[in-house]
Protein chains: 2
Amino acid sequence: FVNTWALVDPVDDPLPGVGTYEDFNTIDWVREKSKDRDRHREITNKSRHSTMALLLSISDAFSGWLLMLLVGLKTGAIAGGIDIAAHWLTDMKEGVCLNGFWFNHEHCCWTSNETTFQERDRCPQWKSWAELVAGSSSGPFPYFINYMMYMFWALLFSFLAVSLVRAFAPYACGSGIPEIKTILSGFIIRGYLGKWTLIIKTITLVLAVSSGLSLGKEGPLVHVACCCANILCHLFPKYRKNEAKRREVLSAAAAVGVSVAFGAPIGGVLFSLEEVSYYFPLKTLWRSFFAALVAAFTLRSINPFGNSRLVLFYVEFHAPWHLVELAPFILLGIFGGLWGALFIKANIAWCKRRKSTRLGHYPVIEVLVVTAITGLLAFPNSYTRMSGAELISELFNDCSLLDSSQLCGYKSPTNTSGSVGNSLGDRAAGQGLYTALWQLALALLFKMLITVITFGMKVPSGLFIPSMAVGAIAGRLLGVGMEQLAYYNHDWFNGWCSPGADCITPGLYAMVGAAACLGGVTRMTVSLVVIMFELTGGLEYIVPLMAATMTSKWVADAFGKEGIYEAHIRLNGYPFLEPKEEFDHSSLAVDVMRPRRSDPALAVLTQESMTVEEVETLVESTHYSGFPVVVSQESQRLVGFVLRRDLLISIDNARKRQEGVVGASHVLFTDHTPAAVAPEAPPPLRLRGILDLSPFTVTDHTPMDITVDIFRKLGLRQCLVTHNGRLLGIITKKDILKHMAQMSNRDPESILFN
Amino acid sequence: FVNTWALVDPVDDPLPGVGTYEDFNTIDWVREKSKDRDRHREITNKSRHSTMALLLSISDAFSGWLLMLLVGLKTGAIAGGIDIAAHWLTDMKEGVCLNGFWFNHEHCCWTSNETTFQERDRCPQWKSWAELVAGSSSGPFPYFINYMMYMFWALLFSFLAVSLVRAFAPYACGSGIPEIKTILSGFIIRGYLGKWTLIIKTITLVLAVSSGLSLGKEGPLVHVACCCANILCHLFPKYRKNEAKRREVLSAAAAVGVSVAFGAPIGGVLFSLEEVSYYFPLKTLWRSFFAALVAAFTLRSINPFGNSRLVLFYVEFHAPWHLVELAPFILLGIFGGLWGALFIKANIAWCKRRKSTRLGHYPVIEVLVVTAITGLLAFPNSYTRMSGAELISELFNDCSLLDSSQLCGYKSPTNTSGSVGNSLGDRAAGQGLYTALWQLALALLFKMLITVITFGMKVPSGLFIPSMAVGAIAGRLLGVGMEQLAYYNHDWFNGWCSPGADCITPGLYAMVGAAACLGGVTRMTVSLVVIMFELTGGLEYIVPLMAATMTSKWVADAFGKEGIYEAHIRLNGYPFLEPKEEFDHSSLAVDVMRPRRSDPALAVLTQESMTVEEVETLVESTHYSGFPVVVSQESQRLVGFVLRRDLLISIDNARKRQEGVVGASHVLFTDHTPAAVAPEAPPPLRLRGILDLSPFTVTDHTPMDITVDIFRKLGLRQCLVTHNGRLLGIITKKDILKHMAQMSNRDPESILFN
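Because the structure is predicted, anything quoted here is derived from the model rather than measured.

A. Local environment of the state of the cysteines. Per the counting criterion, the structure on display carries two disulfides over all chains. Residue Cys97(A) pairs covalently with Cys108(A) via a disulfide, S to S 2.0 Å. Since a negative S-S torsion denotes a left-handed disulfide, the Cys97(A)-Cys108(A) link at about 80 degrees is right-handed. Of this pair, Cys97(A) sits in strand β1 (residues 95-97) while Cys108(A) sits in helix α4 (residues 105-110); the two residues are eleven residues apart in sequence, bridging distant segments of the chain. Under the relative-accessibility criterion, Cys97(A) is labelled buried at 4%. Free of any disulfide, Cys517(A) has its nearest cysteine sulfur in Cys351(A), 19 Å distant. Since its relative accessible area comes to 0%, Cys517(A) is described here as buried. This cysteine, Cys719(B), is not joined by any disulfide, and Cys719(A) carries the nearest cysteine sulfur, 12 Å off.

Listed below in structure tokens is the structure:
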């Protein structure tokens, strides 16, 4: 008998399936990390015996770094590809290059010899659709043709995007950050980070961005980076087989995503730490920094922007700011906070509507309609027609002497006595600037409204760029206002803004506004400031940025503690235990645990007195994911915990393969055979191998704030409750989330998964 | 009876002393955090009832930010004062200003009208001691006078420093970072962060730095910042009364310290996160960032360097580097790692010698002898005579056209045909440079040796500057070597270093070397790279820096996993549970717990059957810090845990104040009066209020790696061990540390404190 038992002893040779998880379930961090330490210990022990094993052990130690290198290279390459493709398709909406349709506007004109410095964008090879069709570029008919072609391409791109997502990878839609946060906290969503999601998301992201919808590629790039990391994990058994180790890599990948999105490696690492990650040990900090740098340099080698810059919006000015300007900066913070809170409420309401009404059944039509509205309204206004990133870039920039943009349409300095050096100083706004301001105000209104219905559609859609665009417009408007105020009322700004001096930088206001709005929507703080700091490379603007983001966060928090990602997690009912939110109620473990007072008693197994049939009946009559094992029903003294999945697989396997195990066999969770079992009884089924002998317990008097802390910090899935040494009940992560929902007057049934 | 009991019920009105800690003990993080949540909940509940309470609740919420502001301001101001004073006293060793002895050299010459751009440092008002005494500045006799005065001041300063430390604040010596790490992990060292330590450390730090010893002020500034924070905590009851909350502030203060030391706020925050902190929630991240910025800007307003720069070593070059140069950078990494490992071993051996031999009894003589040796050897060599910070600054800088320093003593470019622009390009080393190289090589040897015996003396002494100096010298030497190699062998560097081009930047090599050596000694990684990044403000040098720090860490780790701070923690026997080190052995909780198999049974209290006398006898016959309470001796079913200190205070108080409690009174840990107690018995002593009803338990089968993880993540002091629901034993933090010491073949008795 001993031999046959030993064959299936799950300790030495686990059955396939034992120790793995089902889809939409929460992993047990403690068990996963313990498994990895066992593996590591085994490799270390072996390495003492042979050189081969020592080499294996060294390669194992460096496999993490190698993986990070690969993730950085792959993500950087994909991000470069996305940038190039999106640039090309966006220009396709305007016209085509005669030298070859695969050139984008800028690239097309590089080869032209006739290009002068000021007209880099104009060359005979590049034809707008109107020029191609009607042979002319001005007048109402060519304008109409351009308009129609713009709409045609926009609708085509968005149709392709939404169809591809629906047909091949439904998980490719949205920004992906809420789901990645949930996955990193220990949830399993199979296929969410798979290769189909990666391929389809990459393609549809390019299409969605090019279609002119009010969305960005920065959030989805985080998802793309995580897909890359997850796929590359399959190369290394260390990461393939261990859910906890894989999540370390995914945390680093989130940093890589932001690093390539903004060209800000340090900001990316802090973003992952602050916003996305759940378990972020120092080793991961260091590795994600490495991967973020590799990705940033890969992207720079690809050089998609053609200027060998690492950052998305390079800011050249280094003008000082004055303490008085903190007031408008804080004003921008308040605006950002208010808009953030409002946006979240409106977007969630709209998404709820999509979920509950018939709207949700027609995603393709929804996308087409929104694209049509966006295109129709965006084309006439040059600030909405250009892509979000271009718009922000233009708003961030300060006017230089040669600048021909409308935003720099100041009057010539006729009143100050003709000194050329002063022409960069303060000037009255001219007609061009006033037109630009009007257009910007309209663009602000448009962006604020259209983003609410765009985010959450069934196409890849990021929020960073639209939020920043809203803030940048508001900031630029305020900045120009301040500048004109200073110009016409120099005496108000006595002492620091003398006539003729260039004392207010509207581009800085745009930057601060962008940070404030992004902060209001996402509630990022340090990482946001650091990303902005990396854009400028100077410490001088940290204080304005910090004042604005802090104000924005406080204002937005006053209307609701959740950022947009947490709100979407809650909307989808994912089991996510927010690490930032304090549990502020005085309940005890006994108030939260199951069974409740009116419920039937807890379903437990005994360590040696139950038969296989009894166990099967008990398991099948309930839907619990696991069962505590006790010494006896009377004493209720806890021995261990066994998972439903492991139990069913083991019994099933024993019935099939193990000689003599029948329904009447005793199930033994002990090492020894109990004396009470009759000698003629069928051979017992020994299951100590699948029993978790170290289940977590708390006493019934443990305050829930401590219990929540334990769940968060150790990453538990369940915890048993005892009173004076007797087993009393069980608390799962879902119970805690339901209790928290109840405490804040939300529907506890909104938590959908285990 | 009910009334008198209620009067002393410790839940409502804790006795003075209950819930506090003794010196050299470990705090219970869970209890402290729970206490703070209770306090917060109470304030929130009250705030619903009256406007006054609402205002109080708001002020409570903002008190953390206010405290951070104050910490930033105070630390920034003190750091500015230290910089100015140290600068003045350092110059005092050389000479005196005739306009007023309180001017330092640079300041003295500011007022001089005769100063030209090139001779900023020379002016008639500033007299060297030789000029003052002998009336001349050249020749052997004036040199001798300068030498003697230099020695005199150095000895005077170091004598004052060590005497002040000995007389008033013994805790003011050393860098303080090992102790701060230990305190942040939850240890209590009373007075270590007190006002006397602050005052004396500030004064003696200035003296020690000025005495010319091979030490820096950067590490001690972290201690100074933590003292400031600790003292300011007393203004806010929220932080004064709660050890866990106070440690959050101290973590932020560590960031502030590095921020003012290097002018690198982001690097400071990451330093605190990576190197010092134990419990670093996101809220602290954000607050420490704020405080670090405030401190940096306060320091800039004080402007101690007179150049309105924030950073300590401002680097102006932005020359590109080539991939081939990674080889020498990695070489510098290997050097840094080797030196770091060697330094730690040598320094620890020397400190052990100091502890165990009679050397330790004469700290004043030791300091004077080391100062004398340092002064005698340092004065003749201009690179060792200048302060460490000045040396590093000079080594980091690249040669400009007008530079008159010896390090820029290149031959004039006679062979390239006379173009002036090329004179910055590559040139052959001249006589001046060769002399400088010899002096630097001697300085390197001297610094490497003298730092080993300097660090750990009874004066404030930081390691950052000496380590960086060693690395910077080595890096500069290698950099000049590479430069000359490139000059004489242009064909080797084909394709990227054409003749006449300035392709190798020796200053960059110095920077990389400094990072490598500092990394080798402290094992910092991300924070080190970020600090260096903030010094230059450009992303272009991150890859060289990272390659060097990574190599340095790996090389140094091969010789011993501990950084210098962990080594000193271990040397002092502090109970510090390293969060980075994985526990890699397969022991179970049952192997570590007390009592061991041969020991007498665990000392437990029963919940209602013991009398006051029995309890007192049990407590006095042992030295344990706490006792488990069980239902009965037979069942060993766990009810709770009571601390020795709380128990003694409560019994003592009850005997004094509570009517009728005598030795024969029953001690009740339950709510009800047991039926077994005779009605004529003396009134029982009810102690449920001091009983911790939610002690942490693990089963005897729990692997130690999981147990260590629980201790680390939750910050436990002790944990009870059960088997099948029966109490079996107890594991304390000290037991774990002893076990870990044993596992790595160290003396388990080296852990000195609880």
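Following the structure, the description resumes.
B. Examining the pairing of strand β4 (residues 626-630) of chain B more closely. Residue and element names in this part refer to chain B. Within β4, five of the five residues are buried, leaving the element largely enclosed by the surrounding structure. The alternating pattern of β4 places Gly-626, Pro-628 and Val-630 on one face and Phe-627 and Val-629 on the opposite face, and all of these are buried. Of the strand pairs in this sheet, strand β3 (residues 605-606) and β4 are connected by two bridges, and their pairing is parallel. Residue pairing across strands places Thr-606 opposite Val-630, the latter belonging to β4. Bridge count for β4 against strand β5 (residues 638-643) is five bridges, and the pairing is antiparallel. By the bridge assignment, Pro-628 is partnered in β5 with Phe-641.

C. Summary view of the pattern of salt bridges. Across all of its chains, the model carries 58 salt bridges over all chains by this definition. The salt bridge partner of Lys245(A) is Glu248(A), with a shortest N-O separation of 3.6 Å. Residue Lys245(A) and its partner Glu248(A) are located together in helix α11 (residues 243-262), separated by three residues, close to a single helical turn. Among the residues examined, Glu248(A) registers a relative accessible area of 10% and is labelled buried. Via salt bridges that share partners, Lys33(A), Arg37(A), Asp38(A), Arg41(A), Asp705(B), Asp709(B) and Lys713(B) belong to a single interconnected network.

D. Structural view of the sheet that holds β5(B). All names here are of chain B. Judged by pairing direction, the sheet is mixed, and its three strands sit side by side in the order β3-β4-β5 without closing on themselves. The sheet is open, and its two borders are formed by β3 and β5, each paired with just one other strand. Along the sheet, helix α26 (residues 644-657) contacts β3, β4 and β5; its crossing angle with β5, the most-contacted strand, is approximately 75 degrees.

E. Spatial organisation of the environment of Gly139(A). Mapping Gly139(A) onto the fold places it in the loop between α5 (129-133) and α6 (140-168). Separated by 224 residues in sequence, Gly139(A) and Pro363(A) have C-alpha atoms that sit 37 Å apart.

F. Region of the structure containing the relation of the copies chain A and chain B. Here chain A sits on chain B after a turn of 180 degrees about the axis and a move of 0.0 Å along it, with an RMSD of 0.1 Å. Here the symmetry operator amounts to a two-fold rotation axis. When C-alpha distances to the rotation axis are compared across chain A, the minimum falls at Gly725(A), with a value of 2.4 Å.

G. Structural view of the domain arrangement of chain A. Along its sequence, chain A is carved into domain 1 (66-302), domain 2 (323-361 + 380-415 + 423-572) and domain 3 (589-750). Placing the centre of domain 1 of chain A and that of domain 3 of chain A at their C-alpha centroids yields a distance of 46 Å.

H. Highlighting the interface of chain A and chain B. Listed per partner, the contact involves 67 residues of chain A and 67 residues of chain B. Between chain A and chain B, a total of about 6,200 Å² is buried, with carbon and sulfur atoms accounting for 69% of that surface. Across the contact surface, chain A and chain B share eight salt bridges. Residue Lys33(A) is joined to Asp709(B) by a salt bridge in which the shortest nitrogen-to-oxygen separation is 3.7 Å.

I. Molecular detail of the packing of helix α18 (residues 431-454) of chain A against helix α19 (residues 464-488) of chain A. Residues and elements named next belong to chain A. For the pair α18 and α19, interaxial distance at closest approach is 9 Å and the crossing angle is 150 degrees. Relative to α19, α18 is oriented roughly antiparallel. For the crossing formed where α18 meets α19, the hand is left-handed. Residue-level inspection shows Leu-433, Leu-437, Leu-440, Ala-441, Ala-443, Leu-444, Lys-447, Met-448 and Thr-451 of α18 in contact with α19, the latter providing Pro-466, Ala-469, Val-470, Ile-473, Ala-474, Arg-476, Leu-477 and Val-480. Of the residues belonging to the contact of α18 with α19, the class tally is 14 nonpolar, one polar and two charged.

Scoring rules and cut-offs
Throughout this description, residue numbers start from 1 for each chain and increase along the sequence as written. Starting at A for chains and at 1 for ligands, labels are handed out in the order in which the entities are written. Restriction of local features to residues with pLDDT of at least 70 applies here, the model being predicted, together with a cutoff of 80 or more for giving and counting side-chain atom pairs; totals for whole chains, interfaces and linings are based on all residues. The basis for every side-chain value is the complete set of non-hydrogen atoms in the structure, without hydrogens or water. In plain terms, two cysteine sulfur atoms within 2.5 Å form what is called a disulfide here. Secondary structure elements follow DSSP: runs of H or I of four or more residues count as helices, runs of E of two or more count as strands, with numbering from the N terminus. Using a 1.4 Å probe on the protein chains alone, a residue whose accessible area is under 20% of its type maximum counts as buried, one over 50% counts as exposed, and one in between counts as partly exposed. Note on pairing: DSSP must find at least two bridges between two strands before they are called paired. Any carboxyl oxygen of Asp or Glu within 4 Å of a side-chain nitrogen of Lys or Arg constitutes a salt bridge here. Whether two residues are in contact is decided by their heavy atoms, any of which lying within 4.5 Å being enough. Think of each axis as a best-fit line through the C-alpha atoms, taken over the contacting stretch in the case of a helix, with angles from 0 to 180 degrees between the N-to-C directions. Least-squares superposition aligns the copies on the C-alpha atoms of those residues with pLDDT at or above 70 in both. Note that the domain bounds reflect an automated or database-derived domain assignment. Buried area is calculated as the accessible area (1.4 Å probe) missing from two parts once they are joined, with the contributions of both summed. Any angle from 65 to 115 degrees is called roughly perpendicular, while one under 35 is roughly parallel, one over 145 is roughly antiparallel, and all others are oblique. Here a crossing is called left-handed whenever its near helix is offset anticlockwise from the far helix by less than a right angle, and right-handed whenever the offset is clockwise. Three classes are used, and their members are as follows: Ala, Val, Leu, Ile, Met, Phe, Trp, Tyr, Cys and Pro are nonpolar, Asp, Glu, Lys and Arg are charged, and the others, Gly among them, are polar.

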